[in-house]
Amino acid sequence: ALVLLLVMAAPVLDMRLGFSDAGNNPESLHSRRAYDLLARGFGPGFNGPFVVAVELPPDSDDATLTRLTEVFSATEGVAFASPARMSPNGDAAVISVVPVGSPQDESTAQLLDRLREHVIPEATAGTEVRAYVGGITATFGDLGDRIASRLPLFLAIVIGLSFVLIMVVFRSIAVPIKAAAMNLLSIGAAYGVLVAIFQWGWLSGPLGTGGPGPIESFLPMMLFAVLFGLSMDYEVFLVSRIHEEYLRTKDNAVSVARGLASTASVISAAATIMIVVFLSFVMNDQRVVKEFGLGLAVAILVDATVVRLLLVPA
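Below is a summary of the structure that appears in this document. (Residues numbered from 1 in each chain as written. Predicted model: local features only at pLDDT ≥ 70, side-chain atom pairs only at ≥ 80, totals over all residues. Heavy atoms only, no water.)

On to the pairing of strand S2 (residues 50–55). In regular strands, side chains alternate between the two faces of the sheet. In S2, alternate side chains face the same way, and those of Phe50, Val52 and Val54 are buried while those of Val51, Ala53 and Glu55 on the opposite face are not. Of the pairings in the sheet, the one linking S2 to strand S5 (residues 92–99) comprises six bridges and is antiparallel in character. Residue pairing across strands places Glu55 opposite Ala92, the latter belonging to S5. As judged from the five bridges shared by S2 and strand S6 (residues 130–134), these two strands associate in the antiparallel manner. If you follow Val52 over to S6, its bridge partner there is Val133. (Buried < 20%, exposed > 50% of the residue type's maximum accessible area, 1.4 Å probe, protein only. Helix = DSSP H or I, 4+ residues; strand = E, 2+ residues; numbered from the N terminus. Pairing = 2+ DSSP bridges.)

Structure, rendered in structure tokens:
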């Protein structure tokens, strides 16, 4: 059972956070058809160009902006850079930079980093010109980076608080450690399935996911909060009953067997209800709703069967 869960969780090592674009929408939607038309006519990156806002000193000339545009056009991963558009008072300008890849491509995220960290600093070195890369694609990238940077702290707080509560309830160190490990296994398996289906594109046809794409940046955090709470519920149900039997019989094996037998039907029934409800989300046209539903359903299925019926009693 442990090997099975580790195999299911292995794709997490390749997880790429980001935001899917209209290219993942069903072809019945106008947004998807418009996306495809623009991609065919002007390239995939036209659906999410970078907007470079340039702050100009009073004595700047057009040569600086021309040089910036030429540098952008010559940068690897850039399909096209528009001529600069000056503000009426001449203290700012806007340059549109169209990537080669679509807004959700990993190459586009790499291009954003390259523009900010290397291309712009090198092109404006020795001048007072300041350039900032914005636009909806850059905004989503920044949001994803901020969430990813905060995710370890969030996970630590949730696991730490749960550890303290379980330790107080059962007056044990081993029980909360085991509970946290089991919950992480079931959640990891759900994350792995999401990566395989939504990022790698497995079963994209039958499930209507719209093909490969990144995992929504906010999804792991929200799924973790919900699933860790549900998993801890099952843990408390089962271990409390085992503890009651042990206080009565002082026989570890008998207590585990009776505790499992008396709570299995309750846990299975509750899990079945939630699995059916969450799987109904997969029928929705929106990719992010499918991700929520499938992730929750897989995690609860794994948690209520492999984890609670096999690993925890063992």
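Further remarks concern the layout of surface pockets. There is about 530 Å³ of room inside the largest pocket. Lining the largest pocket we find 29 residues, and of these Gly18, Pro103, Ala109, Thr137 and Gly141 sit closest to its centre. Breaking the lining of the largest pocket down by element, the ones donating at least two residues are strand S1 (17–18), helix H4 (106–123) and helix H5 (136–170). Across the lining of the largest pocket, the residue classes break down as twelve nonpolar, eleven polar and six charged. The volume enclosed by the second largest pocket comes to roughly 340 Å³. Val175, Val239, Ile242, Asn252 and Val256 are the residues nearest the centre of the second largest pocket, which is lined by 14 residues in total. Counting residues per element, the ones that place at least two in the lining of the second largest pocket are helix H6 (174–199), helix H8 (219–249) and helix H9 (252–280). Here the element with the most residues in the lining of the second largest pocket is H8; it accounts for four residues. Considering only residue class, the lining of the second largest pocket consists of ten nonpolar, three polar and one charged. (1 Å grid on protein atoms, 1.4 Å probe; cavity = no way out; pocket = protein on both sides within 12 Å on 5 of 7 lines; lining within 4 Å. Points joined across faces, edges and corners; volume = space filled by probe spheres on them. Nonpolar A, V, L, I, M, F, W, Y, C, P; charged D, E, K, R; others polar.)

Among the nonpolar cores identified, the biggest contains 49 residues, and Leu5, Leu294 and Ile300 are the most heavily contacted of them. Here the element with the most residues in this core is H6; it accounts for 13 residues. Here Ile300 is in contact with Leu227, Leu230, Tyr234, Ala271, Met274, Ile275 and Phe278, once residues within four sequence places are set aside. Core analysis: the next-biggest nonpolar cluster, separate from the first, contains 22 residues, Leu56, Ala81, Val97 and Ile120 among them. (Core = buried A, V, L, I, M, F, W, Y, C linked by side-chain atoms within 4.5 Å. Contact = heavy atoms within 4.5 Å.)

So, on to the packing of aromatic side chains. Evaluation of the coordinates by the stated rule reveals eight aromatic pairs. The structure contains a cluster of three or more aromatic residues connected by ring pairs, namely Phe19, Phe140, Phe218 and Phe292. (Phe/Tyr/Trp six-rings, centres within 6.5 Å; stacked < 30°, edge-to-face > 60°.)

The next point concerns the pattern of salt bridges. Overall, the coordinates contain eleven salt bridges when judged by the stated rule. Across the pair Arg32 and Glu27 runs a salt bridge whose closest N-O atoms are separated by 3.8 Å. Taking relative accessible area as the criterion, Arg32 reaches 14% and is therefore assigned buried. Classification of Glu27 as exposed rests on a relative accessible area of 57%. Among the ionic pairs, Glu245 bridges to Arg258, the shortest N-O distance being 3.6 Å. In this pair, Glu245 is assigned in helix H8 and Arg258 in helix H9, connecting sequence segments 13 residues apart. For Glu245, a relative accessible area of 6% translates into the label buried. A single salt-bridge network, built from bridges that share partners, covers Arg241, Glu244, Glu245, Arg248 and Arg258. (Salt bridge = Lys/Arg side-chain N within 4 Å of Asp/Glu carboxyl O.)

A few words now on helix H3 (residues 62–74). With 13 residues, H3 extends 18 Å from end C-alpha to end C-alpha; this agrees with the ideal 18 Å at 1.5 Å per step. Considered for burial, the residues of H3 that qualify are Thr64, Leu65, Leu68, Thr69 and Phe72. Burial along H3 is one-sided: seen end-on, the buried residues are contained in an arc of 135 degrees. Exposed side of H3, more than 90 degrees from the buried face: Asp62, Glu70 and Ala74 are the residues found there. The elements touched by buried residues of H3 are S2, strand S3 (78–81), strand S4 (85–86), S5 and H4. (Expected span 1.5 Å × (residues − 1). Arc of directions from axis to C-beta.)

Turning next to H8. With 31 residues, H8 should cover 45 Å at 1.5 Å per step; its first-to-last C-alpha distance of 44 Å lies within 8% of that length. Taken from the residues just after H8, Lys250 is the one with a positive phi, measuring 60 degrees.

Together, Leu38, Phe42 and Phe46 make up a nonpolar patch on the protein surface, roughly 290 Å² of accessible area in all. Of note, Phe46 is situated in the loop between helix H2 (30–42) and S2. Take Phe46: its relative accessible area is 36%, and that puts it in the partly exposed class. (Patch = residues over 30% accessible without salt bridge, like charges linked within 9 Å, V, L, I, M, F, W, Y side chains within 5 Å. Areas by Shrake-Rupley, 256 points an atom, 1.4 Å probe, with all protein chains shown as cover.)

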